Amino acid sequence: MSSGSPLSAAQLLGYLAFVLGVSAFWQRDDRRLRYLVTALSLTYAVHFTLLGNPAAAAGAGISAVRAWLSLFTRSPWVAAVVILANLTVGGMLVSHWQHLLPLVGSVLGTLAMFFLDGIPMRVTLLVGTGLWLSNNILSGSIGGSALECVIGLTNATTIVRLMRARREQARAAP
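## A look at the pattern of salt bridges
Then step 1. As enumerated under the stated definition, the model contains 2 salt bridges in all.
Then step 2. For Arg122, the salt bridge is made with Asp30, and the minimal N-O distance between the two is 2.7 Å. With Arg122 in helix 6 (residues 118-139) and Asp30 in helix 2 (residues 30-50), this residue pair connects regions lying 92 residues apart in the sequence. Grouping residues by exposure puts Arg122 and Asp30 together as buried.
Then step 3. A salt bridge links Arg74 to Asp117; the shortest N-O distance between them is 3.1 Å. On the criterion of sequence distance, the pair formed by Arg74 in the loop between helix 3 (54-69) and helix 4 (76-93) and Asp117 in the loop between helix 5 (100-115) and helix 6 is long-range, its members being 43 residues apart.

The following block contains the structure:
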């Protein structure tokens, strides 16, 4: 399938991922963020399959499972299985150095979703966003590149909003 056209199926899915991603990272509620990241990641998996980047598609698919599982458990064992799946599948599909970018981004996302909350989770996800942005630019993903730029800005804005709310709460506390 041709992904060169801005209106190809691959690019249209990238645009849908854009909307889901912005919605996800605008959330202050961690649970809503996880639900939307699940939907975003599923969309991304199909998007990167159509763009011919199987490593990114697999990473996104595993990220969808990871985000969904993190809604129900924070088990280190489940996190370890997800990281092992990322490394195993990613290791089998990496054929170029750029394929390591979404792999590392996905591992960071797993660590964030299972072991962190609030601001630390979002900062770790922000680092992963930078890795996915690099991958998307190198893969030719129009919507995905725009998405990661906006996710980065949205996530950074939400981090600032959460920090301000924390400061206001501290000031209001007796």
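## Let's talk about the side chain of His47
Then step 1. On the secondary structure map, His47 appears in helix 2.
Then step 2. In terms of polar contacts, His47 uses its side chain to reach the backbone amide nitrogen of Gly14, at 3.3 Å.
Then step 3. Discounting chain neighbours no more than four positions away, the residues touching His47 are Ala10, Gln11, Leu13, Gly14, Ser141 and Gly144.

## Focus on helix 2
Then step 1. For helix 2, spanning 21 residues, the distance from its first C-alpha to its last is 30 Å, which sits close to the expected 30 Å at 1.5 Å a residue.
Then step 2. Buried residues along helix 2 sit in contact with helix 1 (9-26), helix 3, helix 5, helix 6 and helix 7 (142-172).
Then step 3. One side-chain oxygen of the residue at the start of helix 2 lies 3.1 Å from the amide nitrogen of Arg31, identifying that residue as Asp29.
Then step 4. Where helix 2 terminates, the next one or two residues include Gly52, which has phi positive at roughly 80 degrees.

Thresholds, definitions, all that
Residues numbered from 1 in each chain as written. Predicted model: local features only at pLDDT ≥ 70, side-chain atom pairs only at ≥ 80, totals over all residues. Heavy atoms only, no water. Salt bridge = Lys/Arg side-chain N within 4 Å of Asp/Glu carboxyl O. Helix = DSSP H or I, 4+ residues; strand = E, 2+ residues; numbered from the N terminus. Buried < 20%, exposed > 50% of the residue type's maximum accessible area, 1.4 Å probe, protein only. Polar contact = N/O pair within 3.5 Å; in protein donor to acceptor, adjacent residues only side chain to side chain. Contact = heavy atoms within 4.5 Å. Expected span 1.5 Å × (residues − 1).

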